[in-house]
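Reading the structure
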Amino acid sequence: MELFDVYNAYKINLVNGKGLYVSDDKGNKYLDFYGGHGVISIGHCHPHYIFRIEHQLHCIGFYSNAVKNDIQEKLAYKLGQICGYGNYNLFLCNSGAEANENALKIASFHSGKSKVVAIKGSFHGRSGGALAITDNPKLSSNFNAKHEVAFIAMDDSLALEKELAASDVAAIIIEGIQGVNGVVEPSVEFLKAAERLCKKYKALLILDEVQSGYGRTGKFFAHQYANIKADIITTAKGMGNGFPISGVLISPEIDAWPGMLGTTFGGNHLACAAGLAVLETIDEEKLLENASELGAYLISKLATNKAVKAIRGKGLMIGVDLEDMPTIRKQLLEEHGIFTGASGSKTLRLLPPLSITKKEVDQFIEAFQETTKTVLV
């Protein structure tokens, strides 16, 4: 049997990682400025992370939600302490797509409606409902396209009110910052309008913080820059530092009932140990502050480069528009050993671990400046 060939993957076999660096099976070392789509939040093989998971393995690795698991409660309490939503409830699952699926289901249960408003350029996952609210027809099968979804332009409050005024909308879902669409963030005014209009028309406001959450932007959730409260928040990528875990944070005004949601693997003992280690490390090492400070420093250095057409983002979620981005990205990897990401054909996407230091930022800037000079010649 061979693998189902759906990934455009580098021919690099990574076998080791420590902190901000990874190494392949040939002994080549790379600076990780992408963290596997922003998943690595506290650095590769963080010692506290290893300790938590190893200790849990010696106790019990898995049992289903048919039994009490007090590590889930510890995780929920610690998350509430740090994220600013301490009175909300937490449902644990396995991936960002699954978190968004459950958020949509909760909204439909609560409202009795099925229609969802999403934003053009959005990406929410590749499963059935999550793909239906993802604005990319190439990824969608006929099955996914049968959901009732209306797409509106980012920051178009008038279009949002027009959709909500029909009183048939269960929820609007907005990414804290659109990652796949070039690191585009909604305006403060739009988020405030969305909060107000959802209350007016009795729809739920869902914030997809799968990529932009968990301290990535310098605040725990990107939408907190707008000083608003969502009814439901989804999170995943940085939550387990590579261990599959995701969560749905749910307003206390939304009632739960037995059997409403379910998952076999979600919130298992190992996943919760990983999630708890991440939160403890974020708290103890002040990684939100680090993301804010070093993100601002990185952006200020990038802004002086004449090859840069535009910079977007906050903290350590940064999009850099370049005329020949694919070539620059390729050279950063092949000539300087630096992993970066891409959004579309012109945006270089930077999502380094929140534990990054000034030394690694300077290493990247030096390589970036050298590479852009070479490409511009």
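Quick note: structure is the one above.
Calculation criteria
- Residues numbered from 1 in each chain as written.
- Predicted model: local features only at pLDDT ≥ 70, side-chain atom pairs only at ≥ 80, totals over all residues.
- Heavy atoms only, no water.
- Helix = DSSP H or I, 4+ residues; strand = E, 2+ residues; numbered from the N terminus.
- Rg over C-alpha atoms; globule rule 2.2 N^0.38 Å.
- Buried < 20%, exposed > 50% of the residue type's maximum accessible area, 1.4 Å probe, protein only.
- Areas by Shrake-Rupley, 256 points an atom, 1.4 Å probe, with all protein chains shown as cover.
- Lys, Arg positive; Asp, Glu negative; His and termini not counted.
- Charge placed at Lys NZ, Arg CZ, Asp CG, Glu CD.
- Core = buried A, V, L, I, M, F, W, Y, C linked by side-chain atoms within 4.5 Å.
- Contact = heavy atoms within 4.5 Å.
- Salt bridge = Lys/Arg side-chain N within 4 Å of Asp/Glu carboxyl O.
- Expected span 1.5 Å × (residues − 1).
- Polar contact = N/O pair within 3.5 Å; in protein donor to acceptor, adjacent residues only side chain to side chain.
- Pairing = 2+ DSSP bridges.
- Axes fitted to C-alpha atoms, helices over the stretch in contact; angles between N-to-C directions.
- Disulfide = S-S within 2.5 Å.

**Remarks on the overall build of the chain**
Tallying secondary structure elements over the chain gives 11 helices and 15 strands in all. Against the globule reference of 21 Å for 377 residues, the chain gives a C-alpha radius of gyration of 21 Å, in line with a compact fold. Dimensions of the chain, computed from the C-alpha atoms along their principal axes, are close to 60 × 55 × 45 Å. Scored against the burial criterion, the 377 residues of the chain give a buried share of 51%. Counting only carbon and sulfur atoms, one obtains 53% of the accessible surface of the chain, whose full area is about 17700 Å². Placing the 38 positive and 41 negative side-chain charges of the chain at their respective mean positions leaves the two points 3 Å apart.

**Quick word on the nonpolar core**
Counting 76 residues, the largest nonpolar core has Phe364 and Phe368 as the members making the most contacts within it. If one sorts the elements of this core by residue count, helix 8 (residues 269-284) sits on top with 9 residues. The contacts of Phe368, once residues within four sequence positions are left out, are Leu302, Asn305, Val308, Val320, Leu322, Ile328, Leu332 and Leu348. If you look at the next biggest cluster of nonpolar residues, it comprises 20 residues, including Ala107, Ile133, Ile206 and Ile250.

**As for the pattern of salt bridges**
The tally for this structure, following the rule as stated, stands at 11 salt bridges. Notably, a salt bridge pairs Asp25 with Lys26, separated by 3.8 Å at the nearest N-O pair. On the basis of relative accessible area, Asp25 is assigned to the partly exposed category, the value being 45%.

**Overview of helix 3 (residues 70-83)**
The end-to-end C-alpha distance of helix 3 is 20 Å, a good match for the 20 Å that 14 residues give at a rise of 1.5 Å each. Buried residues of helix 3: Ile71, Leu75, Lys78, Leu79, Gly80 and Cys83, and no others. Those residues of helix 3 hidden inside the fold are in contact with helix 2 (47-59), strand 4 (89-93), strand 10 (246-250) and helix 8. Near the N-terminus of helix 3, the side chain that reaches the backbone nitrogen of Ile71, with its oxygen 3.1 Å away, is that of Asn69. Gly84 occupies a position one or two residues after helix 3 and carries a positive phi of about 90°.

**Thoughts on the sheet that holds strand 15 (residues 347-350)**
Spatial ordering of the open sheet is given by 11-12-15-14, a layout of 4 strands whose pairing is antiparallel. Among the strands making up the open sheet, the edge pair consists of strand 11 (308-314) and strand 14 (341-343). Neighbour-to-neighbour, the strand axes of the sheet open up by a mean angle of 30°, direction not taken into account. Of the pairings in the sheet, the one linking strand 12 (residues 317-322) to strand 15 comprises 4 bridges and is antiparallel in character. Counterpart to Val320 in the pairing with strand 15 is Leu348. In this fold helix 10 (residues 325-336) packs onto strand 12, strand 14 and strand 15, with an angle of close to 40° to the strand it touches most, strand 15.

**A closer look at the pairing of strand 11**
Regular strands place side chains that alternate from one sheet face to the opposite one. As judged from the 6 bridges shared by strand 11 and strand 12, these two strands associate in the antiparallel manner. Its bridge partner lying in strand 12, Ile311 is registered against Val320. Here strand 11 hands over to strand 12 after 2 residues, with Gly315 in that stretch at a positive phi of 55°.

**Comments concerning the state of the cysteines**
One pass over the full model with this rule turns up 0 disulfides. Free of any disulfide, Cys59 has its nearest cysteine sulfur in Cys272, 14 Å distant. Here Cys272 stays unpaired: no disulfide links it, and the sulfur of Cys93, its closest cysteine neighbor, is 11 Å away. On the accessibility criterion, Cys272 (0% relative accessible area) is buried.

**Description of the side chain of His223**
Summarising the element assignment, His223 is placed in the loop between strand 8 (204-208) and strand 9 (232-235). On the accessibility criterion, His223 (0% relative accessible area) is buried. In this structure the side chain of His223 is engaged in a polar contact, spanning 2.7 Å, whose partner is the side chain of Tyr85. Beyond its immediate chain neighbours, meaning those up to four positions away, His223 contacts Tyr85, Leu191, Leu207, Glu209, Ile228, Ala230 and Ile233.

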